[in-house]
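# Tertiary structure, described
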Amino acid sequence: MKLKVVLLSSLFALGLAACSSPVEKLVYRIDVPQGNYLDDAVVEKLQKGMTQEQVQYLLGTPLVVDPFNPSNWVYVQRIQKGHQKPLEKKLVVHFNQKRVVESFDFSPELRQVDVKEVEKPELVEEVKAAENPGSAESESKSWWQFWK
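Note that the coordinates shown come from a computational prediction; the quantities given were computed from them, not determined experimentally.

## Brief notes about the overall build of the chain
- Regarding its fold elements, the chain presents five helices and six strands.
- The N-to-C order of helical and strand elements in the chain reads α-β-α-α-β-β-β-β-β-α-α.
- Going through the 148 residues of the chain one by one, you find that 22% of them count as buried.
- Total accessible area computed for the chain in this model is approximately 12,000 Å², and 59% of it derives from carbon and sulfur atoms.

Structure below.
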């Protein structure tokens, strides 16, 4: 009788201990990448003055466009390898009213990245000025100040 009690209690204790043992790490888990692929080399190509279309071509569609400020695009990459803690990278791109890149923050600690200015060829600006001779004046005026 005592042998049955000892045997049952030891089986119960073994079964309870098996639930919290490292046996779960013996089960294979696949690597799970989610979100946008953010590579440091690609982020270095991001420059101040790029349009939204150029940023989307370079980095892809943003995971989140801030609903309160649509000029902020958020790119998130999350990778969970097996039983390790997930690694998360985050890139926030800030656009100005002209829809060009003003600045951007890159994680893991969301440090401010040095933003390089996009070189604009002077020839293109001269061609635009030749096509629209009054465009320099119209850019300085607002749309509702047409009488000035």
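Moving on from the coordinates now.
## Some points on helix H3 (residues 52–59)
- Looking at H3, one finds that the buried residues are Gln52, Val55 and Leu59. Viewed end-on, H3 has its buried residues packed into an arc of 60 degrees, placing them on one side of the element.
- Elements in contact with the buried residues of H3: helix H2 (40–44), strand S3 (72–80), strand S4 (87–95) and strand S5 (101–106).
- In the segment just after H3, Gly60 is the residue with positive phi, at about 95 degrees.

Cut-off values and rules
Residues numbered from 1 in each chain as written. Predicted model: local features only at pLDDT ≥ 70, side-chain atom pairs only at ≥ 80, totals over all residues. Heavy atoms only, no water. Helix = DSSP H or I, 4+ residues; strand = E, 2+ residues; numbered from the N terminus. Buried < 20%, exposed > 50% of the residue type's maximum accessible area, 1.4 Å probe, protein only. Areas by Shrake-Rupley, 256 points an atom, 1.4 Å probe, with all protein chains shown as cover. Arc of directions from axis to C-beta. Contact = heavy atoms within 4.5 Å.

All we've got here are geometric facts, nothing functional implied.
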